[in-house]
Amino acid sequence: MNRISLPRFRGYFLLSVVSALSLYYLYRAITYRFVPAGRLGPTLFNKQFWYFSHLIFALPVLSGAPLQFIAPIRARAPHWHRAVGKAYVVGACGAALLAIYLGAIVGEYEGSRLSLALTGSLWLFFTLAAWRLAVGKNFVAHRAFMIRSYTMALVLVWLRLMYDFQDYLFFYVTNPDLRDATREWASWVVPLLVVELWLAWIPTVRGRKRA
Ligand code: HEM
């Protein structure tokens, strides 16, 4: 019988936790925005259509990404990995552009505008970089950029997780507007720093080559 290695077990465990959190927070985001009357914007082209489009583009990202990290799927069904990857790239690029529009252009919260413009732009850049590296068959760098891209996609989760624990995480920020802005920035800066530490900085310091 094939035994699963400890690092792979850890990876799958993390992936399961992230997938469960994604489903939970997606459910909450949908029931918050799409279920009660009057939260989608006044007219079809004044936000309603853009909210729906953002969600439709984001769905293949959230459902497809965890499968892409499962090594046996990549090894035994590379055509499936490529098909899901293409859906991910199209979904992430569409959702990122719409996130920039909804958050930075027509968004109501001034403190969120720059943060969302940067999150959306980085998400777009990491996704396109991962795609280009896959086409160029640089799979080590491709994997690293996919992890970066997925980390940005998971802002959906990080933001809401930080909201739920804000009384512990941001207890020192008492002004509610400042707290919202701090949470908005922390929701992508902190996960991205953790990922860079793991992917690039620590391996570099230890003298290992990593993307
Ligand atoms: C695959 C991941 C994602 C999914 C499934 C997703 C889904 C959703 C859903 C269901 C909503 C409506 C709920 C709400 O307004 O709070 C929403 C809104 C929004 N999302 Fe995403 N999203 C994802 C990633 C992102 C990312 C990475 C960004 C930032 C770059 C982002 C930016 C926004 C913005 C700005 C809104 C509108 C918020 C508002 O008007 O208050 N989303 N998203």
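Refer to the structure presented above.
Presented here is a report on the structure given in the accompanying data block. (Residues numbered from 1 in each chain as written. Predicted model: local features only at pLDDT ≥ 70, side-chain atom pairs only at ≥ 80, totals over all residues.)

Per the secondary structure count, the protein includes nine helices and zero strands. Tracing the protein from N to C terminus, the helices and strands come up as α-α-α-α-α-α-α-α-α. For the protein, the C-alpha radius of gyration of 18 Å lies close to 17 Å, the compact-globule estimate for 211 residues. A buried classification covers 22% of the 211 residues belonging to the protein. When contacts within the protein are restricted to residue pairs at least 6 apart in sequence, long-range pairs at least 24 apart make up 60% of them. (Helix = DSSP H or I, 4+ residues; strand = E, 2+ residues; numbered from the N terminus. Rg over C-alpha atoms; globule rule 2.2 N^0.38 Å. Buried ≥ 20, exposed ≤ 12 C-beta atoms within 10 Å, placed from the backbone. Contact = placed C-beta atoms within 7 Å.)

Glancing now at the site of the ligand. Lining the immediate environment of the ligand, one finds 25 residues, of which A29, R33, A58, A99 and G103 sit closest. At the level of secondary structure, the elements contributing two or more residues to the shell around the ligand comprise α1 (6–33), α2 (48–68), α4 (78–105), α5 (110–135), α6 (139–153) and α7 (155–164). The element best represented in the shell around the ligand is α2, accounting for six residues. Across the shell around the ligand, the residue classes break down as 19 nonpolar, five polar and one charged. (Near = placed C-beta within 6 Å. Nonpolar A, V, L, I, M, F, W, Y, C, P; charged D, E, K, R; others polar.)

Interaxial distance between α7 and helix α9 (residues 176–205) falls to 9 Å at its minimum, and their mutual angle equals 125°. Taken together, the axes of α7 and α9 are oblique relative to one another. Once α7 is placed against α9, the crossing between them reads as right-handed. Together, V155, W158, L159, M162 and Y163 of α7 and R183, A186, S187, W188 and P191 of α9 make up the contact between the two elements. Per-class residue counts for the contact of α7 with α9 are eight nonpolar, one polar and one charged. (Axes fitted to C-alpha atoms, helices over the stretch in contact; angles between N-to-C directions. Parallel < 35°, antiparallel > 145°, perpendicular 65-115°, else oblique. Left-handed = near helix turned anticlockwise from the far one by under 90°.)

In this section: α5. Its 26 residues give α5 an end-to-end C-alpha distance of 39 Å, which sits within 8% of 38 Å, the value for a rise of 1.5 Å per residue. Considering only its buried residues, α5 is in contact with α4, α6, α7 and α9. In the segment just after α5, K137 is the residue with positive phi, at about 60°. (Expected span 1.5 Å × (residues − 1).)

With that out of the way, let us pick up the nonpolar core. Core analysis: the biggest nonpolar cluster contains 32 residues, and V61, A95 and A153 have the highest contact counts within it. Counting residues per element, the ones that place at least two in this core are α2, α4, α5, α6 and α7. Apart from the residues within four sequence positions on either side, A95 is in contact with H54, F57, A58 and V61. (Core = buried A, V, L, I, M, F, W, Y, C linked by C-beta atoms within 7 Å.)

Let us now look at the packing of α2 against α6. Look at α2 against α6: their axes get within 11 Å of each other, and the N-to-C directions meet at 145°. Both α2 and α6 take part in a crossing whose hand is left-handed. In contact with V61, L62, A65 and Q68 of α2, α6 contributes M146, Y150 and A153. When its residues are assigned to classes, the contact of α2 with α6 shows six nonpolar, one polar and no charged.

The next point concerns unusual backbone geometry. Residue K47 is not a glycine yet carries a positive backbone phi of 90°. As for its position among the elements, K47 is in the loop between α1 and α2. Positive phi, close to 60°, is recorded for K137, a residue that is not glycine. Tracing the backbone through its elements, the reader meets K137 in the loop between α5 and α6.

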